Amino acid sequence: MRKSVITLVLVTVLFLCCFQVKAQKNMTTKKSVAGFVITGNVNDANNEKVLLSYENDGKKIKDSTIIKDGKFIFKGIVKEPVFSQMNIPVKKIYVGFFLENNPITVTIDKGTETNNVTGSQTDINYKEWANKWKAVTQKAGGIYQRMDAEYKVEGKNPNDRNAKLSDSARKGFDKEFAGLNVETDSAVFYAVRKYPNSVASAFIVVDRYVSWNQPEKALKMYNLMSKSVKNSSYGKQIKQYIEVDSKTAIGAMAPDFILNDTSGKPFKLSSLDGQYVLVDFWASWCAPCRKENPNVVVAYSKYHPKGLEIVGVSLDSKREAWVKAITDDKLSWIHVSDLKGWSNTVAVLYGVKLVPTNFLLDKTGKIIGRNLRGDDLEKKLAQILK
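This structure is a prediction, so every number in the text was calculated from the model and none was measured. Counting of residues starts from 1 at the beginning of each chain's written sequence and follows it residue by residue. At least 70 in pLDDT is required for a residue's local features to be given in this predicted model, at least 80 for side-chain atom pairs to be given and counted, and no such filter applies to totals for whole chains, interfaces and linings, which use all residues. Side-chain numbers come from the whole structure's heavy atoms, not from hydrogens or water.

### What about the side chain of S120?
Along the chain, the position of S120 falls in the loop between β8 (114-118) and α2 (121-153). Whenever a nitrogen or oxygen atom comes within 3.5 Å of another N or O atom, the pair is scored as a polar contact, on the condition that within protein one atom can donate a hydrogen and the other can accept it, and that pairs from neighbouring residues in sequence are kept only if both atoms are in side chains. For S120, the side chain forms a polar contact with the main-chain oxygen of F98, separated by 3.0 Å. In terms of polar contacts, S120 uses its side chain to reach the backbone amide nitrogen of D123, at 3.1 Å. Whether two residues are in contact is decided by their heavy atoms, any of which lying within 4.5 Å being enough. In this structure, S120 is in contact with F98, E100 and I104, ignoring residues within four places of it in sequence. Secondary structure elements are taken from DSSP: a helix is a run of H or I of four residues or more, a strand is a run of E of two residues or more, and numbering for both begins at the N terminus.

Below is the structure:
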């Protein structure tokens, strides 16, 4: 009897201890995902609307609140640190920052056009990069201004898509831009090496390399990231981009597709087997595309008789604008589109992140060139179509 009582007491104590440990774990877990509270302070503001947008677990979230006596509050929860955008439309104020499950303070001083975000370590990591990137963009802005001035010196309109700078002037500007690319790469590498455990690093790579179609650089930076960052939403974007890009790398067989032409008739890429084909992604609203079109027109007129065909894949969403641009730019080759804009099924299939983008295929459908423009396109075509 005494043994049974002792046993019962021990079992009871053990149960209570386990229950307490479980309760503590639950409290700890609950506390760790308590969510965020954004406290905002805006000088000289009252009754204006504040907009907050971000993406959480694949869903786009949009929230709003009203400023009361210079203050406002947002509350919520995010699965992981995410880049968010805050706007005060009436005052034309924009603040981009990393949101995470912590108390965060956003202080905006409209008089000095400055803002300060505290409470997010991920944002601190990101801002270190952002300051370096801002310096690069300022230098780029200066180069573009001097380029416009040079166009005018040469008696050309910088807004004319047919206008070209002299070779000597262009080479000088190309050298400056190449220097900025090196500076950008150094800044990205520094950020990822310093913060391999920060989601900010993956976001930077998405912003600079994925969005601008630089797979080799994206892969190099991806390999430096921790497992947890690779598993973040931004890390998964990088991985998916790299995987899709491998399907359209030089040496790979171009994915076949069927898309309607301007008359609504289905066109199949593989119907052109036996010819050299340039698959050219563009859009009527894309200024760089329209500026490049005259070069493509020249290449087509010269090499079409020698076996070159071009398939223009438009990322337009309005048929009228698409067809008008084809006529205005005298693009006399095959044109296809599903009029879904950036959701174009072929653009998604080929991993296209910006336009213009093109892929040159040999007679078997194998990719032998990518992103060939201007002189590079001419040289490649001269090499294969003698």
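### A look at helix α9 (residues 319-328)
For every residue, the accessible area obtained with a 1.4 Å probe (protein chains only) is divided by the maximum for its type, and the residue is called buried under 20%, exposed over 50%, and partly exposed between those limits. Along α9, the residues classified as buried are W322, A325 and I326. Down the axis of α9, the buried set is contained in an arc of 100°. They therefore lie on one face. More than 90 degrees from the buried face of α9, the exposed residues found are E320, K324 and T327. K330 occupies a position one or two residues after α9 and carries a positive phi of about 55°. Regarding the arc, it is the one traced by the directions from the helix axis to the C-beta atoms.

### Considerations on the sheet that holds strand β3 (residues 59-66)
On the basis of which strands lie adjacent, the open sheet formed by 4 strands has the order β3-β2-β5-β6 and antiparallel pairing. In the strand order of this sheet, the two ends are held by β3 and β6 (93-99), each with one partner. Strand-to-strand twist of the sheet, defined as the mean angle between neighbouring strand axes without regard to direction, takes the value 20°. Two strands pair under a simple rule: DSSP has to find at least two bridges between them. Pairing between strand β2 (residues 49-56) and β3: 8 bridges, direction antiparallel. Among the inter-strand pairings, L51 is bridged to a residue of β3, identified as S64. Whenever a helix is involved, its axis is fitted only over the stretch in contact; in every case the axis is a line through C-alpha atoms, and angles between N-to-C directions fall within 0 to 180 degrees.

### Here we look at the pairing of strand β1 (residues 36-42)
Of all 7 residues in β1, 5 are buried; the element is thus mostly enclosed. Of the strand pairs in this sheet, β1 and strand β4 (residues 71-76) are connected by 6 bridges, and their pairing is antiparallel. Bridge assignment links I38 to a residue of β4, and that residue is F74. Of the strand pairs in this sheet, β1 and strand β7 (residues 103-109) are connected by 6 bridges, and their pairing is parallel. Bridging across to β7, N41 finds its partner in T107.

### Here's the deal with the nonpolar core
One finds I38, M86, F97 and I238 to be the most contacted residues of the largest nonpolar core, which totals 49 residues. Once you skip the residues sitting within four places of it in the chain, I38 turns out to touch L52, F72, I73, F74, M86, F97, L99, I104 and V106. With 44 residues, the next largest nonpolar core counts V277, A283, F359 and L360 among its residues. Only buried residues count toward a nonpolar core. Its members are Ala, Val, Leu, Ile, Met, Phe, Trp, Tyr and Cys residues joined through side-chain atoms within 4.5 Å.

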